[in-house]
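# Coordinate inspection notes
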Amino acid sequence: MTDIAGAIDYDVLVVGFGPTGAVAAGRLGRLGHRTLVIDRLTDVYDKPRAIALDHEIFRHFDNMGLTEAISPHIEPFTASEHFGVDGQLIRRIDMVAKPYPLGYTPSMVFSQPAVEAELRRHARSFSNVHAELGVELLGLVQTPDRVEAQLKDGDGRQRSVTARYVIGCDGASSTVRQIAGLGLEDLIFDEPWLVVDVRVDENAIARLPQCSAQFCNPARPVSYLIGPKNHRRWEIMLLPGEDARQMERPDNVWKLLAPWLTPEDGELWRAASYRFHALVADEWRNGRILIAGDAAHQQPPFIGQGMCQGLRDATNLVWKLDHVLRGVSSDSLLDSYTAERKQHVIELTGKIKAIGQSICERDPAAARRRDAQILADGGGKPLLLTRQEIIPPLRAGCLSYREMPARGTLFPQPCIARGAASGLLDEITGPGWRLLIDGRSNDAASILSLGLTRADMSVAAIASAGMGCANALEETEGVLASWFDRHAVVAAVVRPDHYVFGTARNATELGDLLAEVDLRRRDVPAGQDRIPDLKMERTP
């Protein structure tokens, strides 16, 4: 397809059809945008790479209508127990207790090949999404109103297509990032590890740890994860002088697994050596070209947030692109993408690095001091943390200018009574812009009486049974009531990606907040209404 008489072939070109690209393409398809997604590979990689996801990501999958398709390939994440130099339990990282704040199990494990196949199937189910596999990106030429992409098909034929925007979801060695001239910042973490996946025989599973574990042994740190069904993963630190390629050989792999398994106990599914990096792109946007997922950041895997970060990128970016493509917002809204996601990645990576450096301590004396300090932090007992408290909020971007409680955090999703049954809040309000009101407050009735009906924002009051104003939705577990009480607010404006734009303590503050929503979404800062002509080609 080529650009004829000024027409533009697609609204968005997505480069890379892994999980991040598939989610971006599927969400763009559901929103009605003409989307081309390409990948140089012709099929889903048949080995597991990512293994963990959390309730924020599953909420997006549910919003996309994917729950039934992917649930058979997902299980709850067990607690992760950390063991010190002498094999003693020093720390335990688990999930928050019920009722779950977003309505789903907070931490999960999944089988990537099966889930990725469903994400692709979902994206391709939209008639406005066109997927082309075995296609390589060669170059991009950017002008003020479009990007022309030079492509090479599997048969070697070259052609060009045009799109209003390009999203590079093409992995750590991203061609899009290189073409766009977006550099990487080193967040200073570089360790060699061997990742081993095994399908364990049923009779051997009982002999393995029943929780995921971090063996913080300075002789050789090891992570152990319990995946779905009989999938078990070991992440094993490689020592100085060990050749990464040689350590991938099955005979060497089974030697490393000897404390837990023998070759007769299961099938070696994958053994791959990696350098665990901590990197983030300087900028995530160059005009009409943006990057997401591993193209924009890489981080150590110690709390299983690598894929989650990529899918946060996709959901953050797609709702903003939707606003821009529909003319609701100016192109400058896309500047908030880097501001929000880069800071979030840096902050979370810092926390992951701290955990990783603690796990990876190779000096025995320092490791013993670490063990003692962690136990002291727990009052003499193993320190208990939750994975959810490790995830930071958004700090800047398309948020209220004013400091206020809960700004930039994820809004909870309570269970809502629906006759004799119950359902989750998003099923009723949808995942767009929302104004959620504490139906128990004295201001609830007056706020609702203002007639805040808006075409671009759903409005709902929520309260526990018998405690709210007329027409309030009835929540069944008190999740939202506790949230409103904790933050001492009566209303929240929530973005399409479920982050809180801002909160209000009364009707007057709410009026100011709603005016600010319109300003932040629609204002065009001076000098940012055009982009310069850019011509970029891939470096041979």
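Residues numbered from 1 in each chain as written. Predicted model: local features only at pLDDT ≥ 70, side-chain atom pairs only at ≥ 80, totals over all residues. Heavy atoms only, no water.

With eight of nine residues buried, helix 2 (residues 55–63) is to be regarded as a mostly interior element. Buried within helix 2 are the following residues: His55, Glu56, Ile57, Phe58, Arg59, His60, Phe61 and Asn63. The N-cap residue of helix 2 is Asp54: its side-chain oxygen and the backbone nitrogen of Glu56 are 3.2 Å apart. Phi for Gly65, located one or two positions after helix 2, is positive at around 85°. (Buried < 20%, exposed > 50% of the residue type's maximum accessible area, 1.4 Å probe, protein only. Helix = DSSP H or I, 4+ residues; strand = E, 2+ residues; numbered from the N terminus. Polar contact = N/O pair within 3.5 Å; in protein donor to acceptor, adjacent residues only side chain to side chain.)

Our focus in this paragraph is the pattern of salt bridges. Under the defined criterion, the tally for this structure stands at 40 salt bridges. Between Asp145 and Arg146 there is a salt bridge; the shortest N-O distance is 3.1 Å. With a relative accessible area of 13%, Arg146 lands in the buried category. Where Arg395 meets Glu347, a salt bridge forms, and the shortest distance between an N and an O atom there is 2.6 Å. (Salt bridge = Lys/Arg side-chain N within 4 Å of Asp/Glu carboxyl O.)

As a further point, take the confidence of the model for the protein. The pLDDT averaged across the protein works out to 91; a share of 94% of its residues lies at or above 70. Taken as a whole, residues 1–5 scores under 50 in pLDDT and shows 11 contacts with residues more than four places along the chain or in a different chain. This stretch, residues 524–540, has a pLDDT under 50; its non-local contacts, to residues over four places away or in other chains, come to 42 contacts. (pLDDT = per-residue confidence, 0-100. Contact = heavy atoms within 4.5 Å.)

Right, let's get into the sheet that holds strand 19 (residues 297–298). On the basis of which strands lie adjacent, the open sheet formed by nine strands has the order 19-16-12-15-14-13-5-6-20 and mixed pairing. Each having just a single partner strand, strand 19 and strand 20 (383–386) make up the two edges of the open sheet. (Pairing = 2+ DSSP bridges.)

Remark: the centre distance and the inter-plane angle together describe each pair of aromatic rings, the angle taken between the planes. Scanning all chains against the criterion turns up 10 aromatic pairs. Ring plane angle 45° and centroid distance 5.7 Å describe the contact between Phe215 and Trp260, whose orientation is recorded as tilted. Here Phe215 is found in strand 13 (residues 212–215), whereas its partner Trp260 is found in the loop between helix 8 (250–256) and strand 16 (266–281), with 45 residues between them in sequence. In this structure Phe215 comes out as partly exposed when scored by relative accessible area, which is 21%. Overall, Trp260 belongs to the buried group, its relative accessible area being 18%. Ring centres of Trp319 and Trp433 lie 5.6 Å apart, and the angle between their planes is 90°; on these two criteria the pair is classed as edge-to-face. Remark: Trp433 occurs in the loop between helix 12 (425–429) and strand 23 (434–438) and Trp319 occurs in helix 9 (residues 306–325); sequence separation between them is 114 residues. Exposure class is identical for Trp319 and Trp433. Each is buried. Three or more aromatic residues joined by ring pairs make a cluster, and in this case those are Phe83, Phe215, Tyr224, Trp234 and Trp260. When the ring centre of Tyr165 is taken as reference, the NZ or CZ atom of Arg288 above it lies at 4.7 Å. (Phe/Tyr/Trp six-rings, centres within 6.5 Å; stacked < 30°, edge-to-face > 60°. Lys NZ or Arg CZ within 6 Å of the ring centre and 35° of its normal.)

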